[in-house]
Amino acid sequence: MPLAPSVAEEQARRLLAEDLPRRWAHVMAVAQKAQIIGRELGEDGALLEATAWVHDVGYAPDLAVVGFHPLDGARYLDGLDAPRRIVDLVAFHSSAWAEAQEFGVVDELARFQDERTLTRDLLWYCDMTTGPDGSDLEFEDRMAEVRERYGPEHYVTRALDAGMDERRAAVRRSREWLTSVGLADQV
Ligand SMILES: [Fe+2]
């Protein structure tokens with residue numbers, strides 16, 4: 001069954017808005033970009049927006065089981081019988097695979113699939129060009145921000161370099177597509 005963006009929004013709001021207002025501000029900004037992009041994306045448009053709403057629910061204190069938010073979020077959504085693609089996109093968002101290696105949860109994440117599509121690239125793009133408070137950031141600035149926020153010893157920082165080529169490639173492909181549909185200046 002598809003997950004309507006409005007339903008995904010409500011789920012995310014319930015899980016994040018009160019407990020993690022800064023994270024919620026980030027999610028709202030990511031979803032807003034996804035909505036704009038989704039209008040040009042055709043049949044995956046609603047899926048992209050719905051996924052953007054729930055991509056960070058794994059940060060919710062109620063859901064944190066493993067402590068690795070892409071996996072916690074994907075497992076939660078899987079338990080709700082969310083569409084498989086949404087579950088998989090959340091599991092692998094923004095180079096989660098590289099982070100999983102640092103975090104030691106590769107086997108658990110391998111239960112999910114990285115679909116490696118334009119929709120997946122665009123989800124990563126929306127996330128990786130939005131700061132933790134919802135501000136607009138250039139990709140390279142966002143990476144620098146992550147490095148600074150987590151510090152050199154954190155697994156997210158260590159994974160940053162491991163996943164950097166993949167992240168850059170996803171952003172490059174996204175920018176090319178956004179330019180081709182006239183959205184490059186809007187998101
Ligand atoms: Fe995010």
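Going along each chain's sequence as written, the residues are numbered from 1 onward. Since the coordinates come from a predicted model, pLDDT governs what is reported: local features require at least 70, and pairs of side-chain atoms require 80 or more to be given and counted, while whole-chain, interface and lining totals use all residues. Side-chain metrics in this entry use all non-hydrogen atoms of the structure; hydrogen atoms and water are not considered.

Going by an unreviewed UniProt entry, the protein carries the name HD domain-containing protein and comes from Actinomycetospora rhizophila.

**Student:** Even after reading the chapter, I still don't get the layout of surface pockets, so can you show me in this structure?
**Tutor:** The space that makes up the largest pocket amounts to roughly 360 Å³. Residues are said to line a cavity or pocket when one of their atoms sits within 4 Å of a point; the points come from a 1 Å grid over protein atoms alone, cavities being sets where a 1.4 Å probe fits but cannot get out and pockets being open sets with protein on both sides within 12 Å along at least five of seven lines. Lining the largest pocket are 28 residues, with Tyr59, His69, Glu99, Tyr150 and Val156 positioned closest to its centre. Only α2 (21–41), α4 (69–79), α6 (96–103), α8 (118–128), α9 (139–150) and α10 (155–162) provide two or more residues apiece to the lining of the largest pocket. Only DSSP runs of H or I with at least four residues qualify as helices, and only runs of E with at least two residues qualify as strands; both kinds are numbered from the N terminus onward. Looking at which element gives the most residues to the lining of the largest pocket, the answer is α9, with five residues. Grid points are joined across faces, edges and corners, and a volume is the space filled by probe spheres set on the points. Approximately 180 Å³ is the volume attributed to the second largest pocket. Lining of the second largest pocket is provided by Lys33, Tyr125, Thr129, Asp136, Leu137, Glu138, Arg175, Leu178, Thr179, Ala184 and Val187. Considering each element in turn, the lining of the second largest pocket owes the most residues, three residues, to helix α11 (residues 164–180). Here the residues of the lining of the second largest pocket are counted per class, giving five nonpolar, two polar and four charged. Gly is put with the polar residues, along with every residue not named as nonpolar or charged; the nonpolar set is Ala, Val, Leu, Ile, Met, Phe, Trp, Tyr, Cys and Pro, and the charged set is Asp, Glu, Lys and Arg.

**Student:** Sorry if this is basic, but what is going on with the side chain of Thr129 here?
**Tutor:** Mapped onto the elements of the fold, Thr129 is located in the loop between α8 and α9. On the basis of relative accessibility, which here comes to 4%, the residue Thr129 falls in the buried class. Beyond its immediate sequence surroundings of up to four residues, Thr129 is in contact with Lys33, Ser135, Asp136, Leu137 and Phe139. Only protein chains enter the accessibility calculation, which uses a 1.4 Å probe. A residue is then buried if its area is under 20% of the maximum for its type, exposed if over 50%, and partly exposed in between. The contact criterion used throughout is that any non-hydrogen atoms of two residues lie within 4.5 Å.

**Student:** What am I meant to see in the coordination of the iron ion here?
**Tutor:** Each metal's donors are the N, O and S atoms within 2.8 Å of it, or within 3.2 Å when it is Na, K or Ca, and because water is not part of the set, sites may look incomplete. For the iron ion, the protein coordination sphere consists of His26 (NE2), His55 (NE2), Asp56 (OD) and Asp127 (OD), at 2.1 to 2.4 Å. Around the iron ion, the four donor atoms sit at angles spanning 80 to 170 degrees, and that spread fits a shape best called irregular. Taken in chain order, the donor set of the iron ion reads H-x28-H-D-x70-D. Of this pair, His26 sits in helix α2 while His55 is found in the loop between α3 (45–54) and α4, placing the two residues 29 residues apart along the sequence. Looking at His26, the relative accessible area reads 0%, which means it is buried. Between 85 and 135 degrees for all angles marks four donors as tetrahedral; over 155 degrees for opposite donors together with 65 to 115 for all other angles marks four donors as square planar and six as octahedral; every other arrangement is irregular.

**Student:** Sorry, what's going on with the nonpolar core here?
**Tutor:** Generally speaking, nonpolar side chains in soluble globular proteins are found buried as a group. Within the largest apolar cluster, 56 residues are counted, with the highest numbers of intra-cluster contacts made by Ile37, Leu77, Ile86, Leu109, Phe112 and Leu178. No other element matches the seven residues that α2 contributes to this core. Not counting the four nearest positions on each side in its chain, Leu77 is found in contact with Gln11, Val54, Val57, Ala82, Ile86, Val87 and Val90. The term nonpolar core refers to a set of buried residues drawn from Ala, Val, Leu, Ile, Met, Phe, Trp, Tyr and Cys, joined through side-chain atoms within 4.5 Å.

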